Amino acid sequence: MNYRHAFHAGNFADVVKHALFCRLVRYLQRKDGAIRIYDTHAGPGLYDLSGDEASRTLEHQGGIAALAAADPAIRADPLLSDYWNCVAPDLAEGRYPGSPLIARRLLRPQDRLSAYELHPVDGDALKTRFAGDTAVKAIALDGWLALGAHVPPKERRGLVLIDPPFEKVSEVDDIAAALARALHRWRGGIYAVWYPMKRQAMVERLRDALVEVAPGEVVFAEFLAEPMSAEERFVGTGLAVINPPFVFAEEAEALLSRLLPVLGRGTTATFAVKQRPASGS
Ligand SMILES: C[S@@+](CC[C@H](N)C(=O)[O-])C[C@H]1O[C@@H](n2cnc3c(N)ncnc32)[C@H](O)[C@@H]1O
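About the cut-offs
Residues numbered from 1 in each chain as written. Predicted model: local features only at pLDDT ≥ 70, side-chain atom pairs only at ≥ 80, totals over all residues. Heavy atoms only, no water. Helix = DSSP H or I, 4+ residues; strand = E, 2+ residues; numbered from the N terminus. Rg over C-alpha atoms; globule rule 2.2 N^0.38 Å. Buried < 20%, exposed > 50% of the residue type's maximum accessible area, 1.4 Å probe, protein only. Core = buried A, V, L, I, M, F, W, Y, C linked by side-chain atoms within 4.5 Å. Salt bridge = Lys/Arg side-chain N within 4 Å of Asp/Glu carboxyl O. Pairing = 2+ DSSP bridges. Axes fitted to C-alpha atoms, helices over the stretch in contact; angles between N-to-C directions. Contact = heavy atoms within 4.5 Å. Near = heavy atom within 4 Å. Polar contact = N/O pair within 3.5 Å; in protein donor to acceptor, adjacent residues only side chain to side chain. Areas by Shrake-Rupley, 256 points an atom, 1.4 Å probe, with all protein chains shown as cover. 1 Å grid on protein atoms, 1.4 Å probe; cavity = no way out; pocket = protein on both sides within 12 Å on 5 of 7 lines; lining within 4 Å. Sits in = over half its atoms within 2 Å of the grid points. Parallel < 35°, antiparallel > 145°, perpendicular 65-115°, else oblique. Left-handed = near helix turned anticlockwise from the far one by under 90°. Disulfide = S-S within 2.5 Å.

Colleague: Help me understand the overall build of the chain in this model?
Modeller: Tallying secondary structure elements over the chain gives 11 helices and 10 strands in all. On C-alpha atoms alone, the chain measures out to a radius of gyration of 17 Å, which is about the 19 Å that the 2.2 N^0.38 rule sets for 281 residues. Summarising its shape, the C-alpha atoms of the chain cover approximately 50 × 45 × 40 Å along the three principal directions. Put simply, the chain has 281 residues, and 55% of those count as buried.

Have a look at this one:
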C-alpha cells in the first residue's frame, strides 16, 4: 500500500467529490429517520496542508485554495454552503478535512458513521480521531471486507462512499465484485463510487462495470479540469452514484457548473452528468 492521500488532500477532485457527497447526505436527511454513512476507504480524516506531503505537490492550490479565493457568492450557494461550512474551520488553520470528518460534521444526533481504513498509520490516525465518539465506528479494516459484512445497517437508509486509491490493476473488478455483494445484501442503499479520469478506456470500463452490477439507475457526475489526452495525466474526477436520489443529477449539474470557473484550467474545462440507463428509456 503506497498511496497516501496527504499528497492530494484538498485538490480539485476532493472538492468535487466532497461537495457532491454533502448533497447526497443532505438528501437522505430530508426525512427525520436515522441514516448510516459508510466510508470504506476513509483515510486518516484530517490533513495538514503545510505538511511535507501536501507541500511537495501543492495540489490543494488548484482545489480548495481556489475555492477559498473565489467570489464568496459561489461558496454561499445553497448547493455548496454545507460543504464549505464543513471545511472552512480547518482551512482557517491550514488543514483540510477528509471524507470521514466531513461526514461526521453533517451527522444529526440520530445518524451514524462507519469508517474503515487499511493503511496502518492512517488507520491508527482515524481511530484516534474518533475515539470516544459514540456516533462513529472508526475501524482499521479492509473496506471491501467491511462492505460485504456490515451492510445493511439497522437504520435501513444510508449511503456508502467508496473511494479507493486506484493503485491496483484489479481496482475496477474489485469495485464491481464488492458492489455486487453489497447490493445483494442491501439493495436500497445509495452507493457513491469515486474514480479518477486519466484514461478514457479505464473510465469506460468502470462505467460499464457499474451499469452491469447496478440493478437500477446510475448517475455519473464527471468534471474535467482539462481534456483527457494520450499522456494519461490525472485531469478529471468522477463520482458514480448507484440508486441516486431523484434530485441528484439536477443538483450535480448545477453544482459542477458553479465549480467550473473555479477549478477548471482554462476554457477547455468541462463537466457532464449522465444517467444510465438514460432517463425515460
Ligand atoms: C483516496 S484515499 C481516501 C480519501 C478519503 N476518502 C477522503 O475523501 O478524504 C484512499 C484510501 O484508501 C485506503 N485503502 C487502500 N486500500 C484499502 C482497503 N482495502 N480498505 C480500506 N482502505 C484502503 C488508502 O490507504 C487511502 O487512505
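So, next bit.
Colleague: Looking at this model, I keep getting lost on the nonpolar core. Mind explaining?
Modeller: Counting residues in hydrophobic clusters, the biggest one holds 97 residues, and the most contacted among them are Ile64, Leu67, Tyr83, Ile102, Leu179, Tyr191 and Leu259. With 11 residues, helix 1 (residues 12-28) is the single largest residue contributor to this core.

Colleague: Help me understand the pattern of salt bridges, please; the structure alone is not making it clear to me.
Modeller: Pairs can form between side chains of opposite charge whenever their charged atoms are close. Applying the stated criterion across every chain, the model contains 24 salt bridges. The partner of Lys17 in a salt bridge is Asp14, and the shortest N-O contact between them spans 3.0 Å. Of this pair, Lys17 and Asp14 both sit in helix 1, separated by three residues, roughly a single helical turn. Lys17 gets classed as buried once you look at its relative accessible area, which sits at 4%. The partner of Lys154 in a salt bridge is Glu155, with the nearest N and O atoms 3.5 Å apart.

Colleague: So what exactly am I meant to see when it comes to the sheet that holds strand 9 (residues 236-242) here?
Modeller: Strand-to-strand pairing in sheets goes through backbone hydrogen bonds, with the strands running parallel or antiparallel. If you walk across this open sheet you meet the eight strands as 5-4-1-6-7-9-8-10, and the pairing is mixed. The sheet is open, and its two borders are formed by strand 5 (136-139) and strand 10 (270-276), each paired with just one other strand. The sheet shows a mean angle of 10° between the axes of neighbouring strands, direction not considered. Here strand 1 (residues 36-39) pairs with strand 6 (residues 158-162) via four bridges, running parallel. Pairing of Ile37 across the sheet is with Leu159, part of strand 6. Most of the contacts of helix 10 (residues 200-213) go to strand 8 (residues 218-224), to which it runs at about 165°, and overall it touches strand 7 (190-197), strand 8, strand 9 and strand 10. Lying over the sheet, helix 11 (residues 248-263) contacts strand 8, strand 9 and strand 10, oriented at roughly 165° with respect to strand 10.

Colleague: Whenever I open this one, the site of the ligand confuses me. Can you help?
Modeller: Near the ligand lie 21 residues; those nearest to it are His18, His41, Glu117, Gly143 and Asp163. Contact distances for the ligand include 2.7 Å between an oxygen atom and a side-chain N or O atom of His18. Between the ligand and Ser99, the relevant distance is 2.8 Å, taken from a nitrogen atom to a side-chain nitrogen or oxygen of the residue. Considered on its own, the ligand offers 600 Å² of accessible surface; in the complex 96% of this is hidden by protein. When atom positions are compared with the pocket grids, the ligand is found to occupy the largest pocket. Those elements that place two or more of their residues in the shell around the ligand are helix 1 and helix 8 (143-150).

Colleague: It is not clear to me how the packing of helix 9 (residues 171-185) against helix 10 should be interpreted in this structure. Could you clarify?
Modeller: For any two helices packed against each other, the geometry comes down to the angle between their axes and how far apart the axes lie. With their axes 10 Å apart at the nearest point, helix 9 and helix 10 run at an angle of 15° to one another. One finds that helix 9 runs roughly parallel with respect to helix 10. The element helix 9 and its partner helix 10 pack so that their crossing is right-handed. Between helix 9 and helix 10, the contacting residues are Val172, Asp173, Ile175, Ala176, Leu179, Ala180 and Leu183 on the first element and Met202, Arg205, Leu206, Ala209, Leu210 and Val213 on the second.

Colleague: Got a minute to help me understand the state of the cysteines in this structure?
Modeller: Joining two cysteines, a disulfide is a covalent bond between their sulfur atoms. The full count for this structure, using the stated rule, is zero disulfides. Considering cysteine sulfurs only, Cys86 is the nearest to Cys22, which forms no disulfide, with 4.7 Å between them. Assessed through its relative accessible area of 1%, Cys22 is described here as buried.

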